[in-house]
Protein chains: 4
Amino acid sequence: MKKVKVAIVGASGYAGEELVRLLLAHPQADLTAVTSRQYAGQSLAQIFPKFAHCPKARSLRFTEPNVELFAEEANVVFLALPHGVAAEYAVSLVNLGSTVIDLSADFRLKSAAVYEEFYAHEHPAPELLAKSVYGLPERYRKEIKHAKLVACPGCYPTSILVPTLPLLKSKLIRPQSIIADSLSGVTGAGRKVEVDYLFAECNESVRPYGLPKHRHLSELEQELSLVAGEKVTMQFTPHLIPVNRGILTTLYLEPLGTPQQIGDSLQSAYADEPFVRLLEGKALPDTKNVVGTNFIDIAWRHDSRTNRLIVMSAEDNIVKGTSGQAIQCFNIMNDFPETTGLI
Amino acid sequence: MKKVKVAIVGASGYAGEELVRLLLAHPQADLTAVTSRQYAGQSLAQIFPKFAHCPKARSLRFTEPNVELFAEEANVVFLALPHGVAAEYAVSLVNLGSTVIDLSADFRLKSAAVYEEFYAHEHPAPELLAKSVYGLPERYRKEIKHAKLVACPGCYPTSILVPTLPLLKSKLIRPQSIIADSLSGVTGAGRKVEVDYLFAECNESVRPYGLPKHRHLSELEQELSLVAGEKVTMQFTPHLIPVNRGILTTLYLEPLGTPQQIGDSLQSAYADEPFVRLLEGKALPDTKNVVGTNFIDIAWRHDSRTNRLIVMSAEDNIVKGTSGQAIQCFNIMNDFPETTGLI
Amino acid sequence: MKKVKVAIVGASGYAGEELVRLLLAHPQADLTAVTSRQYAGQSLAQIFPKFAHCPKARSLRFTEPNVELFAEEANVVFLALPHGVAAEYAVSLVNLGSTVIDLSADFRLKSAAVYEEFYAHEHPAPELLAKSVYGLPERYRKEIKHAKLVACPGCYPTSILVPTLPLLKSKLIRPQSIIADSLSGVTGAGRKVEVDYLFAECNESVRPYGLPKHRHLSELEQELSLVAGEKVTMQFTPHLIPVNRGILTTLYLEPLGTPQQIGDSLQSAYADEPFVRLLEGKALPDTKNVVGTNFIDIAWRHDSRTNRLIVMSAEDNIVKGTSGQAIQCFNIMNDFPETTGLI
Amino acid sequence: MKKVKVAIVGASGYAGEELVRLLLAHPQADLTAVTSRQYAGQSLAQIFPKFAHCPKARSLRFTEPNVELFAEEANVVFLALPHGVAAEYAVSLVNLGSTVIDLSADFRLKSAAVYEEFYAHEHPAPELLAKSVYGLPERYRKEIKHAKLVACPGCYPTSILVPTLPLLKSKLIRPQSIIADSLSGVTGAGRKVEVDYLFAECNESVRPYGLPKHRHLSELEQELSLVAGEKVTMQFTPHLIPVNRGILTTLYLEPLGTPQQIGDSLQSAYADEPFVRLLEGKALPDTKNVVGTNFIDIAWRHDSRTNRLIVMSAEDNIVKGTSGQAIQCFNIMNDFPETTGLI
């Protein structure tokens, strides 16, 4: 079978690096271009020595981005760029007929007004919002299949939406009751060169941040509202913890159904999903079981003392939370088995 | 001034080691005995090389516990023992007239039935429960002053009760609404030699555990109920994170008053407390700011979108959460300035 | 092609777990049995939840070891057992005609006397020492191909021998000058439940141990002497550092040739080796580039001020240092491409 | 007794922050000024929340540096600035009659030519080199006592010189044989905002750097040569390990005397030193025993197989390695007991 030619715009951050890792190993993908203004002229192997054994990594050099070239030579272009910047490339590429998988926040929202509220600048390409598909396969597999522009979900939203959407759809939790307390590894901040992310500032430290109105609430509440059929407002507190990778989310919910119904709802939604693992027995999620993989592990407990439902999930923030999910979408869009290059 | 003679029963765990550190440096304490069956005969300096410069640490040797001797030669005996075991020593020591500061859970509860429900064995000395004082100075300073048996609070309860008690007392939060999501460093498990606490099992891992009915709920709900004047049931989820020390607690609460009233309540309760720091401006708690100290840092945010109150605290689990708090009680009991040996 | 049936005796430690990971993913291996006295009756997925998505991991259960059964049903048996114990199984299996790949130290030495000197007990099966092959493919590929009993090298020796053997063979370093300073992640100690390996004892700590006569010196000096053609005695100091995986070795050597000759010797030895990466330019080894892989990264510098040669290597202690190397041997023994299941 | 007024120029880096910590707690020091261009106008407590309980930290604000003011109002000025920059301030301050304790490399060398060779720019104030004293109390206590300009040693040199100087002085080691392999925590790089020091680049990583001609060799070889009475050239390889603080150095030496003589030499040099701890019995240095303190722990082993001497030391790189040593010098210069504010 002919391989699909792919390019990555913005391949020097953590999400871009992870895309490189996954695409170099993907049996159906042919990585033809990687961009980085900073590293232009250097090979993948020079910047990321861990790929040095791979001939492609030794030969392929970072370039400046070239939209026309990519539109012509690549079948699919991945954008691993900051929000705002991604949209500019997306517009040009979509206009030139390219298929785009965007890892930024630029096309996750349906409303340009909400985008402006949460991202503090006007949306650069509101006309594309209606065309884009939210790249959460467990929810939008069919739409992803035919999409020309996929907006991959944020890392936190993935960890929150996967466990809650089926329960909300089955009307087994009170929509306004959702509280999500999330813990993220430091790669979640990107390869940002700021004091806050220095080793000695993060190590032996744990801290909340960005509350109470973190940007990810915009896509979270959009997706929750769509499923609930009413406007949902939720609570979300992210924390930074000293691990490289991993998100652990603990959800506090008010159940509207029995434990049996809750278990059945999750089973029914996810028993056949290739990347959702419902834990059994006494097992609870632990990020170390999912790091480096595209799995999301989920467990839940009903507390009969308080009548609250506690749902916990664990994922790798830059695999299932970002780049792995992008590959999962890529597989769906190309009719490859969904686990290709991911298991 | 004559120093107070002190002994530590069970000085080889993390809490005991921290008591050793604090008491060796305490200007009014004279550490006269430390016990450990495992290390009997060896000096403090041999087992804890970090104290090796201290002459007392080179001369003082671990012994088998000897209740009669301690009752005679020590003015105050600290118990850093597992629950169940601590009670046996406490009974003998109290009967012999000793003053006891117990770091275990054995005398924190007023009800032997609740103890049995949560600790799964009969209470070994129910007759002492009425005599013991819960060693949280911010709440029970007066009672601690005259106590002969102080039961130091658990590490999680300290991080939860200090921020919530004033709000509950002022009727500014709905008592049944309390959700506490806590993150603890690995020393919180004690120097327990179990697979779960090996370096490679904890490092690059974060996981919830012990939910939904963790033992600490028994003392939490007792103290919350006493202040609320009604039976309080709360939600509590502890998580293990890869740091040595520190607890970060995020509380989700339903406010019954205005942000102004909430701020005033905390200010009024804690402006003069030596070890409670209310953070100002944009600052949020970070365990790295309290590790190694007896401080608890607190910040709060009102979320106008959800009308929830988020209160966050950070403490060192084995200082303010355990051994530092024990020294704070010790200072109160002996009429020393409360910060002696702690700042 | 028919798959090779394999069994793992002692699959619950870190080396065993890594063998499980590699063999579950190996396209030519069929994992038919895993043993663990402790976990007998439980499935791989229950004990190692990270494999839970794999049907084989859900169905295959730990058993008590059964030598006769394995000899009959498995083509190759991997032993991931403590030294001393491994030999007993090896004897029975070899006698029953099995092919054995042993990860312990039991068959690495040619001399039972040296074994006794370093391991402090009589060798349990000295008659097998002559039959075993030291499983370092870069040195003994041909012998491994036809071996019935392969003794995989220790993790430290791999990191030291790979960089030094070609130099010693080319007589480019003085044999008695070798000093190896090694830093190992904590999995190197195995899943040993001892105080020394608790999270809070290793985190924020770095310490030397086991010097000056670490057990690995026995196989190191044996292999160095064989290549040098004279009895080599070397210096070796291991250190424990707070990472899960990875060994970084820094070698201090006295060169007998020019920098050009040294570079040529390494290039000539390793340019075509699939798992040895000679770093170019300013690059220096970093364990994070090899963790999770079977690669060993090597760089060297000649110090013209001191006329010393500094050679540095990085590997994953439980992949190239243990289980990955075992799979590399397995591939060689079965005429599979050497990188099968490893890249 | 009247307190000594002190100022810190460059108080926002890790060394500066540690000076702040030590000076706020020092019973004989009165911290009157702290400078930072970046944080000018903000209080110590705002930038370093861990000091927020201290009234001085709440009131004292960072200012732009003002040499004239400091010369007038401070008795001693600490410089925690990059090399090159420090010299400019030192010149002005010394000319104005101030006493200066410089933590940079600017006045550690006696030779402006060597400085230029290692620091790649002309020395900014060669005329002061002869006046400065190398601030290693164990070697230059008498000279420090009367110095107006003290140049505190680098963190690595402290860990290497303390264990080797007595042996070299007693002619018990071959001067040209010294090999130092050092492992440093990430604060050693300063609060430098570079990709290399981001959490996710350092965590789960260990790597050598800066070899074979690290800048610290200049002061190391100067001090070794002075004691040896001959020009000494040594080997030094630093490594970065994922801990916040701590240096572990392993020295490989050729002994010229007996083990007894070596032990006697170290005992004789250090038995009465307040901050040097010679470990006994089987104990080996571990950074966790010295972190946060001004101690340096030393152990040694003679390897009879190789006739090499292995000496190991552990210190906190920003206490004994930098700021604590500066305070030790400060105490000596002011006739305070040397441990004041340090134990």
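Residues numbered from 1 in each chain as written. Chains lettered and ligands numbered in written order. Predicted model: local features only at pLDDT ≥ 70, side-chain atom pairs only at ≥ 80, totals over all residues. Heavy atoms only, no water.

Draft legend 1. Structural detail: the overall build of chain A. Of the regular secondary structure elements, chain A holds twelve helices and 14 strands. For 343 residues, the compact-globule estimate of 2.2 N^0.38 gives 20 Å, and the C-alpha radius of gyration of chain A, at 20 Å, lies within 12% of that figure. C-alpha extents for chain A along the principal axes are approximately 60 × 45 × 40 Å. Evaluated residue by residue, chain A yields a buried proportion of 65% over its 343 residues. Look at the contacts in chain A between residues 6 or more apart in sequence, and 69% of them connect residues 24 or more apart. Approximately 11900 Å² of chain A is accessible, and the part contributed by carbon and sulfur atoms is 50%. (Helix = DSSP H or I, 4+ residues; strand = E, 2+ residues; numbered from the N terminus. Rg over C-alpha atoms; globule rule 2.2 N^0.38 Å. Buried < 20%, exposed > 50% of the residue type's maximum accessible area, 1.4 Å probe, protein only. Contact = heavy atoms within 4.5 Å. Areas by Shrake-Rupley, 256 points an atom, 1.4 Å probe, with all protein chains shown as cover.)

Draft legend 2. Summary view of the sheet that holds strand β13 (residues 296–303) of chain A. All names here are of chain A. Read from one edge of the open sheet, seven strands run β9-β10-β8-β11-β14-β13-β12, paired in mixed fashion. Of all the strands in the sheet, just β9 (207–208) and β12 (276–278) have a single pairing partner and so form its edges. Where helix α8 (residues 155–169) meets the sheet, it contacts β8 (179–184), β10 (235–240), β11 (247–253), β12, β13 and β14 (308–315), and its direction lies at approximately 40° from that of β11. (Pairing = 2+ DSSP bridges. Axes fitted to C-alpha atoms, helices over the stretch in contact; angles between N-to-C directions.)

Draft legend 3. Region of interest: the packing of aromatic side chains. In this structure the tally under the stated criterion is 40 aromatic pairs over all chains. Here Phe48(C) and Phe51(C) contribute two aromatic rings whose centre-to-centre distance is 5.9 Å and whose plane-to-plane angle is 80°, an arrangement assigned as edge-to-face. Judged by its relative accessible area of 4%, Phe48(C) is buried. Aromatic rings pair up to connect Tyr39(A), Phe48(A), Phe51(A) and Phe62(A) into one cluster. Against the face of Phe118(B) rests Lys213(B), its NZ or CZ located 4.9 Å from the ring centre. (Phe/Tyr/Trp six-rings, centres within 6.5 Å; stacked < 30°, edge-to-face > 60°. Lys NZ or Arg CZ within 6 Å of the ring centre and 35° of its normal.)

Draft legend 4. Spotlight on helix α11 (residues 259–270) of chain D. Residue and element names in this part refer to chain D. A rise of 1.5 Å per residue sets the reference length of α11, with its twelve residues, at 16 Å; its end C-alpha atoms lie 17 Å apart and thus fit the reference within 8%. Among all positions in α11, only Ile262, Gly263, Ser265, Leu266 and Tyr270 are buried. Seen end-on, α11 carries its buried residues on one side only, within an arc spanning 160°. Of the exposed residues in α11, the ones pointing more than 90 degrees away from its buried face are Gln260 and Ser268. (Expected span 1.5 Å × (residues − 1). Arc of directions from axis to C-beta.)

Draft legend 5. Representation of the interface of chain A and chain B. Contacts between the two partners involve 46 residues from chain A and, on the opposite side, 46 residues from chain B. Taken together, the two surfaces of chain A and chain B that pack against each other cover about 3800 Å², and 57% of this comes from carbon and sulfur. One can count six salt bridges joining chain A with chain B. Across the pair Arg207(A) and Asp286(B) runs a salt bridge whose closest N-O atoms are separated by 3.8 Å. Along the contact surface separating chain A from chain B lie 24 residue pairs in polar contact (both at pLDDT 80 or more). (Buried area = accessible area lost by both parts, 1.4 Å probe. Salt bridge = Lys/Arg side-chain N within 4 Å of Asp/Glu carboxyl O. Polar contact = N/O pair within 3.5 Å; in protein donor to acceptor, adjacent residues only side chain to side chain.)

Draft legend 6. Quick peek at the interface of chain B and chain D. Listed as interface residues are eleven residues of chain B and, on the opposing side, eleven residues of chain D. For the chain B and chain D pair, buried surface summed over both sides reaches about 990 Å², with 57% attributable to carbon and sulfur atoms. For chain B, the biggest contributors to the area lost against chain D are His53(B), Arg277(B) and Asn289(B); these three give 44% of the whole. The tally of links between chain B and chain D comes to zero salt bridges.

Draft legend 7. Structural detail: the relation of the copies chain B and chain D. The transformation that overlays chain B on chain D combines an axial shift of 0.0 Å with a rotation of 180°, and the residual RMSD is 0.0 Å. Interpreted geometrically, this transformation is the action of a two-fold axis. By C-alpha distance to the rotation axis, the residue of chain B lying nearest is Glu204(B), at 4.3 Å. When the interface residues of chain B are mapped onto chain D, 100% of them again fall at the interface, so both copies present the same face. (Least-squares fit on C-alpha atoms with pLDDT ≥ 70 in both.)

Draft legend 8. Region of the structure containing the sheet that holds strand β1 (residues 4–9) of chain A. All names here are of chain A. Strand order in the open sheet formed by seven strands is β3-β2-β1-β4-β5-β7-β6, with parallel pairing between adjacent strands. Both edges of this open sheet fall to β3 (62–63) and β6 (133–134), since each of them pairs with a single strand only. Summarising the sheet, strand β4 (residues 76–79) and strand β5 (residues 99–102) pair through four bridges and their orientation is parallel. Residue Val76 lies in a different strand from β5, and its bridge partner there is Thr99.

Draft legend 9. Representation of the pairing of strand β5 (residues 99–102) of chain D in the model. Residue and element names in this part refer to chain D. Alternating positions in β5 separate into two faces, Thr99 and Ile101 on one and Val100 and Asp102 on the other, with burial throughout. In this view, the connection linking strand β4 (residues 76–79) to its parallel neighbour β5 by way of helix α5 (residues 85–95) has right-handed handedness. Examined bridge by bridge, β5 and strand β7 (residues 149–151) share three bridges and lie parallel to one another. Within β7, the residue paired with Val100 across the bridge is Leu149. (Right-handed = clockwise from strand over helix to strand, strands pointing away.)

Draft legend 10. Expanded view of the pattern of salt bridges. By the definition in use, this model includes 80 salt bridges over all chains. The residue Arg37(B) makes a salt bridge to Glu64(B) at a minimum N-O spacing of 2.9 Å. With Arg37(B) in the loop between β2 (29–35) and α2 (44–47) and Glu64(B) in the loop between β3 (62–63) and α4 (67–73), this residue pair connects regions lying 27 residues apart in the sequence. A relative accessible area of 57% means that Arg37(B) is categorised as exposed. On the accessibility criterion, Glu64(B) (40% relative accessible area) is partly exposed. Lys288(B) is the salt-bridge partner of Asp286(B), the closest N and O atoms lying 2.9 Å from each other. Each of the salt bridges in this network shares a partner with another, and the network as a whole consists of Glu17(A), Lys50(A), Arg191(A), Asp286(C), Lys288(C), Glu201(D) and Arg207(D).

Draft legend 11. Representation of the relation of the copies chain A and chain B within the structure. Taken as rigid bodies, chain A and chain B are interconverted by a rotation of 180° and an axial shift of 0.0 Å, the fit giving an RMSD of 0.0 Å. Interface overlap between copies: 100% of the residues of chain A at the interface are likewise at the interface in chain B, consistent with a symmetric, same-surface contact.

Draft legend 12. Layout of the environment of Leu93(C). Residues and elements named next belong to chain C. Residue placement: Leu93 occurs in helix α5 (residues 85–95). Once the C-alpha coordinates of Leu93 and Ala74 are considered, the two residues, 19 residues apart in sequence, prove to be 11 Å apart. Here Leu93 is in contact with Val67, Phe70, Ala71, Val77, Leu79, Ser98 and Val100, once residues within four sequence places are set aside.

Draft legend 13. Examining the confidence of the model for chain A more closely. Scored by pLDDT, chain A has a mean of 97; 100% of the residues are at 70 or more. If you check the scores for this complex, the pTM reads 0.98 and the ipTM reads 0.97. (pLDDT = per-residue confidence, 0-100.)

Draft legend 14. Highlighting the nonpolar core. Formed by 178 residues in total, the largest nonpolar core has its most connected members in Phe78(C), Ile101(C), Phe78(D) and Ile101(D). Not counting residues up to four positions away in its chain, the partners in contact with Phe78(C) are Val6(C), Ala7(C), Ile8(C), Val9(C), Leu19(C), Leu23(C), Ile101(C), Leu103(C), Ala326(C), Ile327(C) and Phe330(C). If you look at the next biggest cluster of nonpolar residues, it comprises 176 residues, including Cys54(A), Phe275(A), Cys329(A) and Phe330(B). (Core = buried A, V, L, I, M, F, W, Y, C linked by side-chain atoms within 4.5 Å.)

Draft legend 15. The arrangement of the packing of helix α8 (residues 155–169) of chain B against helix α11 (residues 259–270) of chain B in detail. Residue and element names in this part refer to chain B. At a closest axis distance of 9 Å, the pairing of α8 and α11 adopts a crossing angle of 115°. Taken together, the axes of α8 and α11 are roughly perpendicular relative to one another. As for the relative orientation of α8 and α11, their crossing is right-handed in sense. Of α11, the residues touching α8 (which contributes Leu161, Val162, Pro163, Pro166 and Leu167) are Ile262, Ser265, Leu266, Ala269 and Tyr270. Taken together, the residues of the contact of α8 with α11 break down into nine nonpolar, one polar and no charged. (Parallel < 35°, antiparallel > 145°, perpendicular 65-115°, else oblique. Left-handed = near helix turned anticlockwise from the far one by under 90°. Nonpolar A, V, L, I, M, F, W, Y, C, P; charged D, E, K, R; others polar.)

Draft legend 16. Spotlight on the pairing of strand β11 (residues 247–253) of chain B. Residue and element names in this part refer to chain B. Here β11 lies mainly inside the structure; seven of its seven residues are buried. Here β11 shows no split at all, with Ile247, Thr249, Leu251 and Leu253 on one side and Leu248, Thr250 and Tyr252 on the other all buried. When strand β8 (residues 179–184) meets β11, the two strands line up antiparallel, connected through six bridges. Residue pairing for β11: Ser182 is matched across the bridge by Thr249.

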